[in-house]
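Listed below are the residues making up each chain.
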Amino acid sequence: MTETGEVDLRHHGDAEVGDGLADFAVNVRAGMPPEWLAERIRAAVGDLAAYPDPRPARKAVARRHGRSVGEVLLTAGAAEAFVLLARVLAPRRAAVVHPQFTEPEAALRAAGHEVERVILGKDFTLDPAAVPDDADLVVVGNPTNPTSVLHPAGAVAALARPGRTVVVDEAFMDCVPGEPETLATRLPTGIAVIRSLTKTWGLAGLRAGYVLADSHLVERLAEAQPLWAVSTPALVAVEACSAPEAVAEAEAWAVQLAAERDRLAAELSARGLYVVPEARASFLCLCVPDGLGIRALLRQRGYAVRRGDTFPGLGSDWLRIAVRDRPSNDRLLEVLGELGI
């Protein structure tokens, strides 16, 4: 189904936190970056007199995903990638699959493009047939924010066709052990993959991400990108986090995350709440009667969660909750119990 109703596309989890609230609203891994990475970033400050050189980081990303260097564009986070795509592409009919991260649609609209929303049905699983046949730009998240649903790679790849660009937001793919559904290493024709270091490595303030796409599109995006858009510290972080030992560290965390996420989902489901099934990212999406009211009560008790009504396809009964460590999650469960949930 499609939807055109107005929501606040610019509302994000960071607007929910502050005032000493326990943060279950932002999907950035707590306690990051690790000291080895922080030290690398601090050391990069000594090189700030020179202009940034993206070549080592670009090569590292290419090696990490088995791509050519020409298929890699480094960006100031995934958000910049969406803006560049909106500036470079000229879609006749753009379709954004929702519920998902709202910044791609916001960037397209800001660039003057009309956007058609494709709203997924029950359990928010992807049906390629729901996308209009004549859409020449399609944007989809995998795993999707805020639903935490991981779509099969085959279903996402089935969206590709001649004359169409498919943009896949894989900002949370490194939350999935083994990344079995990633298209980064396959990169079918017509598909662009966007990745971010923000979530797993705790680098939201540094702005580090990249686009993987065919070299022609990468060249067009690079022409639209401001010179030296990615800072030297961010380039150092991209290179470091693309190294095999860092990828292995992220994989070990993803395995631990999966166990705790599944436990938290089971606890919430046992209380009669609808939790979107088969969650695979670092957060859960759940339906709670009077979700906005519960959110307000949680804030009174010192807990911030993400409202769901600013995501097209959800509404005021929906919340997104980041998965933290077990003691923190148990404290949130306690507070929910005090509220009768």
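Residues numbered from 1 in each chain as written. Predicted model: local features only at pLDDT ≥ 70, side-chain atom pairs only at ≥ 80, totals over all residues. Heavy atoms only, no water.

1. Some points on the overall build of the protein chain
- Within the protein chain, the regular secondary structure consists of 11 helices and 13 strands.
- Principal-axis analysis of the C-alpha atoms gives the protein chain an extent of 55 × 50 × 30 Å.
- In the protein chain, which comprises 341 residues, the proportion classed as buried is 55%.
- The long-range fraction of contacts in the protein chain, counting pairs at least 24 apart against all pairs at least 6 apart in sequence, stands at 74%.
- About 14,000 Å² of surface is accessible on the protein chain, with carbon and sulfur atoms providing 52% of the total.
- Positive and negative side-chain charges in the protein chain, numbering 36 and 45 respectively, have mean positions lying 1 Å apart. (Helix = DSSP H or I, 4+ residues; strand = E, 2+ residues; numbered from the N terminus. Buried < 20%, exposed > 50% of the residue type's maximum accessible area, 1.4 Å probe, protein only. Contact = heavy atoms within 4.5 Å. Areas by Shrake-Rupley, 256 points an atom, 1.4 Å probe, with all protein chains shown as cover. Lys, Arg positive; Asp, Glu negative; His and termini not counted. Charge placed at Lys NZ, Arg CZ, Asp CG, Glu CD.)

2. As for the nonpolar core
- Counting residues in hydrophobic clusters, the biggest one holds 49 residues, and the most contacted among them are L37, L74, V97, W201 and L212.
- Summarising the domain contributions, this core has at least three residues from each of domain 1 (13–31 + 247–339) and domain 2 (35–243).
- For W201, the residues in contact, after removing those within four places along its chain, are M32, P33, P34, W36, L37, C241, A246, E249 and A250.
- Grouped together as the second largest cluster of nonpolar side chains are 30 residues, F172, A281, L333 and V335 included. (Core = buried A, V, L, I, M, F, W, Y, C linked by side-chain atoms within 4.5 Å. Domains from an automatic or database assignment.)

3. Overview of a nonpolar patch on the surface
- A cluster of nonpolar residues, Y51, L227 and W228, forms a patch on the protein surface that exposes about 430 Å² of accessible area.
- Here W228 lies in the loop between α7 (215–224) and α8 (232–241).
- By relative accessible area, which is 48% here, W228 ends up partly exposed. (Patch = residues over 30% accessible without salt bridge, like charges linked within 9 Å, V, L, I, M, F, W, Y side chains within 5 Å. Salt bridge = Lys/Arg side-chain N within 4 Å of Asp/Glu carboxyl O.)

4. A word on empty space enclosed by the protein
- Taken as a whole, this structure holds three cavities of 30 Å³ or more when the rule is applied.
- Looking at the largest cavity, its volume works out to about 70 Å³.
- Considering the residues around the largest cavity, the lining is formed by F82, L85, A86, P104, L108, L137, V139 and V167.
- When residues of the lining of the largest cavity are traced back to their parent elements, those giving at least two are α3 (77–88), α4 (103–110) and β6 (137–141).
- Top element by residues in the lining of the largest cavity is α3. It accounts for three residues. (1 Å grid on protein atoms, 1.4 Å probe; cavity = no way out; pocket = protein on both sides within 12 Å on 5 of 7 lines; lining within 4 Å. Points joined across faces, edges and corners; volume = space filled by probe spheres on them.)

5. Here we look at helix α10 (residues 291–300)
- Taken residue by residue, α10 has G291, G293, I294, R295 and L298 as its buried positions.
- Positive backbone phi, approximately 95°, marks G302, located one or two places after α10.

6. Considerations on the domain arrangement of the protein chain
- For the protein chain, the assigned domains read domain 1 (13–31 + 247–339) and domain 2 (35–243).
- A C-alpha centroid distance of 24 Å is found between domain 1 and domain 2.
- Between domain 1 and domain 2, the contact holds 28 residues from the first and 34 residues from the second.
- Of the roughly 2,500 Å² buried at the junction of domain 1 and domain 2 (both faces included), carbon and sulfur atoms supply 65%.
- A per-residue breakdown of the area domain 1 buries against domain 2 is headed by V247, R280 and P312, which together make up 26% of the total.
- The tally of links from domain 1 across to domain 2 stands at zero salt bridges.
- Joining domain 1 to domain 2, the criterion identifies 10 residue pairs in polar contact (both at pLDDT 80 or more).
- Listing elements by their share of the side of domain 1 that touches domain 2, those giving two or more residues are α9 (244–270), β11 (283–287) and β13 (318–322).
- Examining the composition of the side of domain 1 that touches domain 2, we find that eight residues originate from one element, α9, more than from any other. (Buried area = accessible area lost by both parts, 1.4 Å probe. Polar contact = N/O pair within 3.5 Å; in protein donor to acceptor, adjacent residues only side chain to side chain.)

7. A look at the sheet that holds strand β2 (residues 22–24)
- Ordered in space as β2-β12-β13-β11-β10, the five strands form an open sheet in which the pairing is mixed. Where the open sheet ends on each side, the last strands, each with one partner, are β2 and β10 (274–275).
- One ladder, built from five bridges, connects β11 with β13; its direction is antiparallel. Across the sheet, C287 pairs through a bridge with W318, a residue of β13.
- On the sheet, α9 packs against β10 and β11 and is oriented at approximately 15° with respect to β11. (Pairing = 2+ DSSP bridges. Axes fitted to C-alpha atoms, helices over the stretch in contact; angles between N-to-C directions.)

8. Observations regarding the side chain of R295
- Structurally, R295 is set in helix α10.
- Contacts of R295, omitting those with residues within four sequence positions, involve E16, V305, R307 and L319.

9. A closer look at the layout of surface pockets
- Its boundaries defined by the atoms lining it, the largest pocket holds a volume of some 490 Å³.
- Lining the largest pocket are 23 residues, and of these H12, D14, F101, T198 and K199 sit closest to its centre.
- Going through the elements one at a time, α3 and α6 (198–201) are the ones with two or more residues in the lining of the largest pocket.
- Taken together, the residues of the lining of the largest pocket sort by class into 10 nonpolar, six polar and seven charged.
- The residue makeup of the lining of the largest pocket includes at least three contributed by each of domain 1 (13–31 + 247–339) and domain 2 (35–243).
- The volume enclosed by the second largest pocket comes to roughly 290 Å³.
- Lining the second largest pocket are 15 residues, and of these P54, R58, L73, L74 and Q225 sit closest to its centre. (Nonpolar A, V, L, I, M, F, W, Y, C, P; charged D, E, K, R; others polar.)

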